[in-house]
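Overview (structure and organization)
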Amino acid sequence: MKARKLLMIPGPIEFEPEVLQAMSTPTTSHLAPDFTESFGNSLDMMKEVWLAPSGQPFIVAGSGTLAMDMAACNLVEQGDHVLVISTGYFGERYADLLRRYTPNVDVLKADLGKVVPADQIEDQLKKKNYKLLTFTHVDTSTAVINDPRPIAELGKKYDVLTILDGVCSVAGEEIRQEEWGIDVVFTASQKAISVPPGLALLVASGRAMKVWKNRKTPVANYYADWSNWLPVMEAYGSRKPAYFGTPAVNLVLALEKSLQNILREGVEKRFMRHQKMGKAFREAMKVAGLQMIPDTEQVSANTLSAPYYPGGVQGKEFLQKASREGIMLAGGLLAELKTQYFRVGHMGSVNRADLLATIGAIESALRHCSYEIEPGICLKRAQEILDS
Ligand code: PMP
């Protein structure tokens, strides 16, 4: 019997064998011609996946929090006013992080399960001369998704840089960075990009790079300073080696393979597949009587879901039962609700078989926790949607 469990948490996720094989290639020099080619290819492919043909990509060893820090430290100077639009845990983290660079951080916090309405954001932008705003595309603590378009429009209207935290969305949810005019879109490797944890990935617009070049003060963070990394990215981009900090050679080889996979599927098809998987999962939970944290379909992410436990079901027991059924799920993340809901990642290469296995395991874990549901009812609903 297979001992391995299916990893259905919202990152790290299941990785494809060819990506893991690329990672296990004997490590070469970071200055070797074949590695230089792989690094350059990865930078080029990022622009295709981000739909940002004239953006400046960065690949740096670190986690998603480094990508958040990189956008913040390069674009913010002491005294600047910045606005954080928060839909959960990662919005709060961004506000904390930004306070290291300027005391003038305002937070617009959405009610649980909702987004901050665009007119409220606009009212706030009228009040001060903000340098930038940040928002979380999909907050992994709530599974709430923001529509980036109206926020990007406001950024253009009020001349405010827009930073999209796409850690739980890039290569899963629809993002058209250049067409929509978003200044920075970043992610981490372990989510829908489908590469083991360890890479911070970011694409900056021409406008963002110009703001950075015109800074009056040095960047207050040594490792993340674009002055150190831009020459390296430009060199690899033109297939020449360069050095600032040793790149995560094997992770970059895995990234090249995964970006090839993503482009082979096609970003449009990938967005649609995530939409279908997300909908099938949500509908399956609804027929079992489970409520979701996001208030409406419109604000529900497709890369993960966050259902509340139904009455009488204890989280710890439920997660153990699901694990015994071969599926690893995640508990809650929001401090105030931690024990009241669970999270299921359905992003990256997730397919019909993964989704149905997960839904089946949830059904039986619920029954084993004495929550009565008709066997197969969730699976039936999910299949109806997947077949439509
Ligand atoms: N932003 C979001 C939306 C995330 O989901 C995460 C990680 N779960 C982060 C930022 C931070 O990324 P990391 O844990 O890789 O530092």
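1. Notes on the nonpolar core
The biggest cluster of nonpolar side chains holds 106 residues, and the ones touching the most others in it are Trp-50, Phe-186 and Ile-193. Two domains each donate at least three residues to this core, and these are domain 1 (17-265) and domain 2 (267-387). Excluding residues within four positions of it along the chain, Ile-193 makes contact with Trp-50, Val-170, Ala-171, Thr-187, Ala-188, Leu-201, Leu-255, Ser-258, Leu-259 and Ile-262. Ala-284, Ala-288, Met-292 and Ala-322 belong to the second-largest nonpolar core, a separate cluster that totals 33 residues.

2. What to know about the domain arrangement of the protein
In terms of domains, the protein is made up of domain 1 (17-265) and domain 2 (267-387). Between the C-alpha centres of domain 1 and domain 2 there is a distance of 28 Å. Taken together, the contact pairs 31 residues of domain 1 with 28 residues of domain 2. Summed over both partners, the interface of domain 1 with domain 2 comes to about 2400 Å²; 59% of that surface belongs to carbon and sulfur atoms. For the domain 1 face of the interface with domain 2, the top three residues by lost area are Leu-112, Ala-143 and Glu-265, together amounting to 24%. The interface formed by domain 1 and domain 2 holds four salt bridges in total. With a closest N to O distance of 2.6 Å, Arg-273 and Glu-265 form a salt bridge. For the pair domain 1 and domain 2, the number of links is 14 residue pairs in polar contact (both at pLDDT 80 or more). Contributing elements (two or more residues each) for the side of domain 1 that touches domain 2: helix H2 (33-49), helix H4 (89-98), strand S6 (138-139), strand S7 (144-145) and helix H10 (249-265). Considered class by class, the residues forming the side of domain 1 that touches domain 2 number 15 nonpolar, eight polar and eight charged.

3. Details of the side chain of Glu-77
Summarising the element assignment, Glu-77 is placed in the loop between helix H3 (64-75) and strand S3 (82-86). Within the local environment of Glu-77, its side chain forms a polar contact with the backbone nitrogen of Lys-216, the two atoms lying 3.1 Å apart. Ignoring anything within four residues of it in the chain, the contact list for Glu-77 reads Tyr-101, Thr-102, Lys-131, Arg-215, Lys-216 and Thr-217.

4. Some details on the pattern of salt bridges
A pair can form between side chains of opposite charge whenever their charged atoms are brought close. Taken as a whole and judged by the stated rule, the model has 25 salt bridges. When the shortest N-O distance is used, the salt bridge between Glu-174 and Arg-176 registers 2.7 Å. Here Arg-270 ties to Glu-265 by a salt bridge, and the two come within 3.1 Å at their closest N and O atoms. A relative accessible area of 5% places Arg-270 in the buried class.

Definitions and limits used
Residues numbered from 1 in each chain as written. Predicted model: local features only at pLDDT ≥ 70, side-chain atom pairs only at ≥ 80, totals over all residues. Heavy atoms only, no water. Core = buried A, V, L, I, M, F, W, Y, C linked by side-chain atoms within 4.5 Å. Buried < 20%, exposed > 50% of the residue type's maximum accessible area, 1.4 Å probe, protein only. Domains from an automatic or database assignment. Contact = heavy atoms within 4.5 Å. Buried area = accessible area lost by both parts, 1.4 Å probe. Salt bridge = Lys/Arg side-chain N within 4 Å of Asp/Glu carboxyl O. Polar contact = N/O pair within 3.5 Å; in protein donor to acceptor, adjacent residues only side chain to side chain. Helix = DSSP H or I, 4+ residues; strand = E, 2+ residues; numbered from the N terminus. Nonpolar A, V, L, I, M, F, W, Y, C, P; charged D, E, K, R; others polar.

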